[in-house]
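This is what each chain is made of:
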Amino acid sequence: MTQLHPDPAPDFDQPVAVLKHCHGRIRKQLATLEKLVDHLPAHGADEQARQAAQAVLKYFDKAAHLHHDDEEQDLIPMLRATARGEDAATLQALAPTILQDHKDMDAMWQDLHEELAAIADGSGTRLNPATARRFSQSYLSHMEREESTMAPMAMRLFSPEQMAQLGQAMRKRRSIESGADASTPAACAPAAGAPASTGAPAGTVGERVADLRTDYGRASLDENSVADDPIAQFTRWFEEALKAEVSEPNAMSVATVDAEGRPSSRIVLVKQFDARGFTWYTNYDSQKGKQLLSKPFAALLFFWRELERQVRIEGRVERTTAEESDKYFNSRPLKSRLSAIASDQSAPIASRAALEHNYEEAARQYGEAPPRPSNWGGFRLVPERIEFWQGRRSRFHDRIVYTRQEDGSWTRLRLQP
């Protein structure tokens, strides 16, 4: 029944993300509740059980009803006012189920509340397993319905003004000032903090990392709705990442191998992508530069956590032309150009002071117009395989892969998760 540090919380300027974040907290409380069911027969209402019961009570007494009100008083009415056509029909069928779920779960909570309160103060040890597990499963199914349908619908349909309106209503309901994020206690009650149900020591962070997991459910990916061309599909997803304000959406891992086939990887920034491929710039004498010149194949990976998406790209690598490298180098800020000259990338150096000295020497020698070093330029990965990965519930992810054929066309198919 332990937890590591809580997940980073979004700001209320992203109200749908706040609702999803709070769902994550609910899932942690439900996991604590189910562990408590197994813990009680062997250990009774010991300190671990009392802490777990207190944590579950605190959350569902203080916060759960706020999520219900968010949906009943703001989210659903706003969707009804905005949705049209198929979206309106979906909402008409779904909304009554959501509202009935709230009533059913409230009734089950009343049954559990008295038993949990007795466990929390040490006066009781009974917790009806059937009711607890029914409550947990009902909540999980309910949240999955919301996250697979209503949340994506709101993300598609709501204007920035509507999102701001929803976020403001959620703040007001919780008496939270503007700028506070979803980690505020009144917004999402803290995750359970009771020790493990086995009574064993918590263990090292390295051991407990196995308990860290996020259940994805923001969107889906269907082979019948993706673009015929993977570059067009990547462009669509990249634009959505920009719109969602993903942190550094152009960051990608580049994996290469040395002459003996040993892999290495690092994060770089893609600087151009088009039908020719994906381009980044570096020192050709760096580790990755030497490896790519020896083994001109690489694998790229984009991970957009906020959208629960990955894109895996594999193919051969070629150098950009000198003209392309010059154009990009000269577009960089002056200090970045001087840094490229001053640094013998990947080579050892005695100290930071020595590195700073090299920079000052480059600045003194070249002034405002440093030339591009001949060993600095671009690499372009020409894709042969591109896989789009969308996180889904219970690790049952969507994976669509494109493979380039000899004639330059692309085939696509679904892979099992």
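Just so you know, these numbers come straight off a predicted model, no measurement behind them.

Novice: Which residues make up the nonpolar core, and what values do they have?
Specialist: Nonpolar side chains in soluble globular proteins tend to end up buried together. Counting 50 residues, the largest nonpolar core has Phe60, Leu116, Leu127, Phe135 and Tyr139 as its most contacted members. Mapped by element, the contributors of at least two residues to this core are helix H1 (15-43), helix H2 (47-62), helix H3 (64-82), helix H4 (85-120), helix H5 (129-157) and helix H6 (160-174). If we skip the residues at most four places from it in the chain, Phe60 touches Ile26, Gln29, Leu30, Trp109, Phe135 and Tyr139. Grouped together as the second largest cluster of nonpolar side chains are 31 residues, Leu221, Trp237, Ala241 and Tyr402 included.

Novice: So, the pattern of salt bridges: which residues are in play, and what are the values?
Specialist: A side chain with one charge may pair with a side chain of the opposite charge, provided their charged atoms come close. Tallied over the entire structure, the rule returns 32 salt bridges. We note a salt bridge from Glu115 to Arg126, for which the minimum N-O separation is 2.2 Å. Here Glu115 is found in helix H4, whereas its partner Arg126 is found in the loop between H4 and H5, with 11 residues between them in sequence. Across the pair Glu387 and Arg399 runs a salt bridge, and its minimum N-O distance is 2.6 Å. You can see Glu387 sitting in strand E7 (residues 376-390) and its partner Arg399 sitting in strand E8 (residues 398-404), a full 12 residues away along the chain. You can call Arg399 buried: its relative accessible area is 18%. Several salt bridges share partner residues, and in doing so they unite Asp274, Arg276, Arg316, Glu318, Glu324 and Arg380 into one network.

Novice: So what's going on with the pairing of strand E1 (residues 251-257)? Which residues, and what values?
Specialist: Here E1 lies mainly inside the structure; 5 of its 7 residues are buried. Bridge count between E1 and strand E2 (residues 263-269): 7 bridges; the pairing is antiparallel. Counted as the bridge partner of Val257 is Pro263 from E2. The antiparallel pairing of E1 with E2 creates a hairpin that spans 5 residues between the two strands, and Gly261 there sits at a positive phi of about 85°.

Novice: So what's going on with the packing of aromatic side chains? Which residues, and what values?
Specialist: With the rule as written, the count across this model stands at 24 aromatic pairs. The interplanar angle of 15° and the centroid separation of 5.8 Å between the aromatic rings of Tyr281 and Trp376 together place this pair among those described as stacked. Linking Tyr281 in strand E4 (residues 277-283) with Trp376 in strand E7, this pair joins segments that are 95 residues apart in sequence. Judged by relative accessible area, Tyr281 falls into the buried class, the value being 14%. A residue is classified by how much of its surface remains accessible, and Trp376, at 5% relative accessible area, is buried. With a centroid separation of 5.2 Å and an interplanar angle of 70°, the aromatic rings of Phe329 and Trp376 are classed as edge-to-face. On the criterion of sequence distance, the pair formed by Phe329 in helix H10 (residues 322-331) and Trp376 in strand E7 is long-range, its members being 47 residues apart. The residues Phe329 and Trp376 share a single accessibility class, namely buried. Taken together, the ring pairs connect Phe234, Phe238, Phe273, Phe278, Phe302 and Trp304 into an aromatic cluster. Here the guanidinium or amino end of Arg319 rests over the ring plane of Tyr284, the centre of that ring lying 3.7 Å away.

Conventions adopted
Residues numbered from 1 in each chain as written. Predicted model: local features only at pLDDT ≥ 70, side-chain atom pairs only at ≥ 80, totals over all residues. Heavy atoms only, no water. Core = buried A, V, L, I, M, F, W, Y, C linked by side-chain atoms within 4.5 Å. Buried < 20%, exposed > 50% of the residue type's maximum accessible area, 1.4 Å probe, protein only. Helix = DSSP H or I, 4+ residues; strand = E, 2+ residues; numbered from the N terminus. Contact = heavy atoms within 4.5 Å. Salt bridge = Lys/Arg side-chain N within 4 Å of Asp/Glu carboxyl O. Pairing = 2+ DSSP bridges. Phe/Tyr/Trp six-rings, centres within 6.5 Å; stacked < 30°, edge-to-face > 60°. Lys NZ or Arg CZ within 6 Å of the ring centre and 35° of its normal.

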